[in-house]
There are 2 protein chains.
Amino acid sequence: MKIALAKVNQTAGKIKENTEKILSYVQKAEEAGCELIVFPLFAICGGPCGFLFENKDFIDENIEAAEFISKNSSINLICGEVFQKTDDNTAYIFADNDIELLKADIKNFSANKKLIVVISCLSYYERKIKEVKDFFTMQAVENNVNIAYLNMLGAQDGYIFDGLALYVNKKGKFKIFDQSFKENLIIFDTDGKDLEIGFNDRNEELYKVLVLGLKDYMNKNGFKKCALGISGGIDSALTAAIAVDAVGAENVLGVLMPSKYTSEQSGSSALKLCKNLNIKTKTVPIENIYNTFINELTPFFDGKEKDLTEENLQARIRGNILMSLSNKFGYLILCTGNKSEDAVGYSTLYGDTSGGYAPISDLYKKDVYTLAKYRNTISKVIPDFIIERPPTAELRENQKDSDSLPEYDILDDILEKILDKKMSYKEIIETGVKKEVLDKVWKLIKNSEYKRRQSPAGTKVSKSAFIKDIDLPITNGYLWNKTNH
Amino acid sequence: MKIALAKVNQTAGKIKENTEKILSYVQKAEEAGCELIVFPLFAICGGPCGFLFENKDFIDENIEAAEFISKNSSINLICGEVFQKTDDNTAYIFADNDIELLKADIKNFSANKKLIVVISCLSYYERKIKEVKDFFTMQAVENNVNIAYLNMLGAQDGYIFDGLALYVNKKGKFKIFDQSFKENLIIFDTDGKDLEIGFNDRNEELYKVLVLGLKDYMNKNGFKKCALGISGGIDSALTAAIAVDAVGAENVLGVLMPSKYTSEQSGSSALKLCKNLNIKTKTVPIENIYNTFINELTPFFDGKEKDLTEENLQARIRGNILMSLSNKFGYLILCTGNKSEDAVGYSTLYGDTSGGYAPISDLYKKDVYTLAKYRNTISKVIPDFIIERPPTAELRENQKDSDSLPEYDILDDILEKILDKKMSYKEIIETGVKKEVLDKVWKLIKNSEYKRRQSPAGTKVSKSAFIKDIDLPITNGYLWNKTNH
């Protein structure tokens, strides 16, 4: 049997364009003599559409499009779509030009079937692909059935759809396994040659996901160019590299915004990074703006000492400069915050949290380093100094992140235990974490939810992405330090 | 039968304090000789707690607290709490000091029962109270049963719990009906006198909700004082009045931040408003800061014309000034945006959207006027000029909101039809809305989701509050103007 799996990258709401693409793939499959072509769930509407699913016109247009596709296809076709707001996965089966609604329920696999086709629109997280692979291997063998599976491809608002395509026979052998994250029409014969495209390397996979997340956000929202602040630190360095790999060096602008606290090495490393990446730079010093702000504000500060106010102000001036460039030239501004910072609110709201998209916001600091080093194995773009220096926000003299936070290896370990492993207080303490450190970290997490709520969308790579998966209340009095835990 | 309905206003996560309050009410009910005391759902944990419900320690502490309450109560007690993450409403019944789990399912009313007690933690929207009242009247009569109902009281992250308390007998007659939004222990005899506290006036109810929303946000998050920009416009005027009614004039600061585009009348009306409200003011002109920004940025603008960039910059400078005062003195900054503006993105991100809380973000512009006028019937605080002038952002010479947007009466009408009534495109056109206006409004809604995602929490008063109820995708290509609608 000759089958086509159409790994399409669609855009939410673009029914007409999505339909045209579907039909172009149908034609190719027809020409290749396929008996069946499969599209992922939401292939017509383009992805999860939230409130649009409550819009009757939207649903009607999707149904019209499905009927149009059906009329213009001469082969069997499976294509997922919505009929009404629902959490169920529903799939159209177009066989003999009739539309039949199928409730896809993978728990009800039946051994009577020759072939089970599963389509989905499920978002990526690290380890998901292995889990899915194992799941289908087991199902195929246990139920003695061949299984074809296709997930939506592409990114939407930070969710990554991995486009995983597979065909596993009843012996558990994969004929097809494609996790390339690339749009493609896979045409194969169930008795033909095997195709396997995957990654053995976790870092390669994660990096590709981050590139896809930004690329699709920009393309689907009509951004040609992006800009970001380049500080000479690791976060902006990795973000810049991702941006270059997503949309090309010619479409990325690095903005240096030095203050008197910016070390010479930060400045020179930032420039070196931009040169290595072959991106244009602008250097806009913040000193004059900062001094004017301080002159104007000082009469209202009632003689109070310097404190976080002045540090935040610098970050907010930088945010304003970036947004002004965005307004004037149409750049998407990239926020360079990482998950460790977001978790504990180590950021300035409307300052370094500014931007339309946050490519690395679901990466712990340790993974920022890991992926920076990984990216350097492809071509060395991030200077050693940036990777080796101690993290600093450079908002005051000789500042280091570790003045305010536990060292990142300790912090990341605690965050993983709380957010990913969901360990109890007692269990965490038993791993050797100090009580006062745990209490401090929890308090920081608890009290910074309001910042995360006002932060831009970012690429989800974990099962515990903030806002999407970890929905803490803003008003939150839970101290979690009751002594009898 | 003597019953106590404990309308408590709890804080999310503050298990210890919530428990103490519960026990103090239990004691009062015992002293008054009640046979039964009822608390709302989530009375111990304090409200919907999101990710905390996945924290085993948190659940354990709640169970411990429930057991402690049970041991220390000598009367029958109903109190809602969670045992595990669930969307079901679950309730504890403490009778004879045993804990029994009850799945509250109001669809399974039974006529065999003498009394049905329903507890909830459901959030407010306009018309909800009438709907609930009608629902229980019908249920009592149809099922020939007495019903007591108690909802959680208080505000959390913009959700308002109305604390509605009622007792309706099997004839549909209300013995108790209390929608006062006030914490109270209602003790009554099922054969005794009637108590009815309600509002006949929609505006009074809405205004009270807005005051409660801000008051609780501040109290529960530890803010003593708030500050906001006072522009001489209607939005900041109403927000200031709400703030004064929520936390007292002595805890509210009005910040005037004039530019060269600020008219004399705006400035004098702003000062008059603050004087009427008896709040302190600070006047921080933005001209010098703006000019410094422009001087520093001009070399990077490549000779491009003045455009939205310069307008947004003014708004962002104001945002920075407010945030600096917040950082220095601990003010909660109030964002003064309304729902009409939010809907179409008529705001500057990191500018006028800055703030920890947005008291009127779920009010259409027309309701901003209605409630401003209502507030003036209590005491005249908002100057006539502010109510009568045409809306303007004053970010350029002679600017009016209607330069960029349809007049607000037209805009609000369209927004209601899309968001609240969920009418189809054709239905909206048939009401006389012009196609080009509808297309423009939809495009603005569609393209401004990224701003709403980065906006602060605000008080929900409708069934269609953004983010909470209307979850549009950011990436959204749906044009909704297909000609055959």
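Residues numbered from 1 in each chain as written. Chains lettered and ligands numbered in written order. Predicted model: local features only at pLDDT ≥ 70, side-chain atom pairs only at ≥ 80, totals over all residues. Heavy atoms only, no water.

Draft legend 1. Quick look at the relation of the copies chain B and chain A. In screw terms, the move from chain B to chain A is a rotation of 180° and a rise of 0.0 Å along the axis, fitting with an RMSD of 0.0 Å. Interpreted geometrically, this transformation is the action of a two-fold axis. For chain B, the residue whose C-alpha comes nearest the rotation axis is Q454 of chain B, separated from it by 1.9 Å. (Least-squares fit on C-alpha atoms with pLDDT ≥ 70 in both.)

Draft legend 2. Local environment of the sheet that holds strand 15 (residues 252-256) of chain B. All names here are of chain B. The strand order 16-15-14-17 describes an open sheet built from four strands, whose pairing is parallel. Both edges of this open sheet fall to strand 16 (280-283) and strand 17 (332-333), since each of them pairs with a single strand only. For strand 14 (residues 226-229) and strand 15, the ladder comprises four bridges, and the chain directions are parallel. Among the inter-strand pairings, L228 is bridged to a residue of strand 15, identified as G254. (Pairing = 2+ DSSP bridges. Helix = DSSP H or I, 4+ residues; strand = E, 2+ residues; numbered from the N terminus.)

Draft legend 3. Local environment of the interface of chain B and chain A. The interface of chain B with chain A comprises 82 residues on the first partner and 82 residues on the second. In terms of surface lost to chain A, no three residues of chain B exceed F51, K328 and T475 of chain B, which account for 12% of the buried area on that side. Our count for the chain B to chain A interface comes out at eight salt bridges. Here E54 of chain A and K422 of chain B are joined by a salt bridge, their closest N and O atoms 2.8 Å apart. At the boundary of chain B and chain A, one finds 41 residue pairs in polar contact (both at pLDDT 80 or more). Those elements giving two or more residues to the side of chain B that touches chain A turn out to be helix 2 (56-71), helix 4 (202-220), strand 16, helix 7 (287-297), helix 8 (308-329), helix 13 (408-420) and helix 16 (449-453) of chain B. A per-element tally of the side of chain B that touches chain A places helix 8 of chain B first, with 14 residues. Tallied by class, the residues present in the side of chain B that touches chain A amount to 35 nonpolar, 26 polar and 21 charged. (Contact = heavy atoms within 4.5 Å. Buried area = accessible area lost by both parts, 1.4 Å probe. Salt bridge = Lys/Arg side-chain N within 4 Å of Asp/Glu carboxyl O. Polar contact = N/O pair within 3.5 Å; in protein donor to acceptor, adjacent residues only side chain to side chain. Nonpolar A, V, L, I, M, F, W, Y, C, P; charged D, E, K, R; others polar.)

Draft legend 4. Representation of the side chain of D401 of chain A in the model. All names here are of chain A. Relative to the helices and strands, D401 is located in the loop between helix 11 (384-388) and helix 12 (408-420). Of the side chains bearing the opposite charge, K365 lies closest to the buried D401, which forms no salt bridge; the N-O distance is 4.6 Å. In terms of polar contacts, D401 uses its side chain to reach the side chain of Y408, at 2.6 Å. Dropping the residues within four chain positions of it, D401 is found in contact with Y346, P391, T392, A393 and Y408. (Buried < 20%, exposed > 50% of the residue type's maximum accessible area, 1.4 Å probe, protein only. Lys, Arg positive; Asp, Glu negative; His and termini not counted.)

Draft legend 5. Inspection of the pattern of salt bridges at higher detail. Applying the stated rule across the entire model yields 60 salt bridges over all chains. Across the salt bridge formed by E394 of chain B and R389 of chain B, the nearest N and O atoms sit 3.3 Å from each other. Where K460 of chain B meets D469 of chain B, a salt bridge forms, and the shortest distance between an N and an O atom there is 2.8 Å. Three or more residues joined by partner-sharing salt bridges are found here, namely D157 of chain A together with E449, R452 and R453 of chain B.

Draft legend 6. Spatial organisation of the nonpolar core. Of all hydrophobic cores here, the largest spans 73 residues; its most connected members are I418 of chain A together with L5, I37, F39 and F58 of chain B. Setting aside residues up to four positions removed in sequence, F58 of chain B forms contacts with Y478 of chain A together with G13, I15, C45, C49, L52 and F53 of chain B. (Core = buried A, V, L, I, M, F, W, Y, C linked by side-chain atoms within 4.5 Å.)

Draft legend 7. Main features of helix 1 (residues 15-31) of chain A. Residue and element names in this part refer to chain A. With 17 residues, helix 1 ought to run about 24 Å at 1.5 Å a step, and its terminal C-alpha atoms sit 24 Å apart, in line with that. Taken together, the buried positions of helix 1 are occupied by I15, N18, T19, I22, L23, Y25, V26 and A29. The buried side chains of helix 1 occupy one side of the element, clustering within an arc of 165° when seen end-on. Helix 1 presents K16 and E31 as exposed residues on the side facing more than 90 degrees away from its buried surface. Considering only its buried residues, helix 1 is in contact with strand 1 (2-7), strand 2 (36-38), helix 2 (56-71), strand 3 (76-80) and strand 12 (184-189). Immediately downstream of helix 1, the backbone of G33 shows phi near 75°, a positive value. (Expected span 1.5 Å × (residues − 1). Arc of directions from axis to C-beta.)

Draft legend 8. Structural view of the pairing of strand 3 of chain A. Residue and element names in this part refer to chain A. Summarising burial for strand 3: four of the five residues are buried, a large majority. By the bridge criterion, three bridges tie strand 2 to strand 3 in an arrangement that is parallel. Bridge pairing in strand 3 links V38 to I78. Traced from strand 2 through helix 2 to strand 3, the parallel crossover comes out right-handed. (Right-handed = clockwise from strand over helix to strand, strands pointing away.)

Draft legend 9. Examining unusual backbone geometry more closely. If you check the backbone angles, F181 of chain A has positive phi at about 60° while not being a glycine. Since its relative accessible area comes to 7%, F181 of chain A is described here as buried. We note that E394 of chain B has phi near 50°; this positive angle belongs to a residue other than glycine. In this fold, E394 of chain B is placed in the loop between helix 11 (384-388) and helix 12 (401-404).

Draft legend 10. Structural view of the environment of V247 of chain B. All names here are of chain B. Turning to its location among the elements, V247 is positioned in helix 5 (residues 234-247). Assessed through its relative accessible area of 15%, V247 is described here as buried. Along the backbone, V247 and V211 are 36 residues apart, and their C-alpha atoms lie at a distance of 8.8 Å. Setting aside its immediate chain neighbours within four residues, V247 contacts M218, C226 and V252.

Draft legend 11. Here's a closer look at empty space enclosed by the protein. Taken as a whole, this structure holds three cavities of 30 Å³ or more when the rule is applied. Volume-wise, the largest cavity comes out at about 60 Å³. If you trace the largest cavity, you find it lined by F51, E54, N55 and K56 of chain A together with I418, K422, M423 and W480 of chain B. Partitioned by chemical class, the residues of the lining of the largest cavity number four nonpolar, one polar and three charged. (1 Å grid on protein atoms, 1.4 Å probe; cavity = no way out; pocket = protein on both sides within 12 Å on 5 of 7 lines; lining within 4 Å. Points joined across faces, edges and corners; volume = space filled by probe spheres on them.)

Draft legend 12. Structural detail: helix 10 (residues 365-378) of chain B. Residue and element names in this part refer to chain B. Taking 1.5 Å of rise per residue, 14 residues should cover 20 Å, and helix 10 covers 21 Å from first to last C-alpha, within 8% of that figure. Of all the positions in helix 10, only K365, D367, V368, Y369, L371, A372, Y374, R375 and N376 are classed as buried. Contacts made by the buried residues of helix 10 are with helix 4, helix 5, helix 9 (339-344), helix 11 and helix 13.

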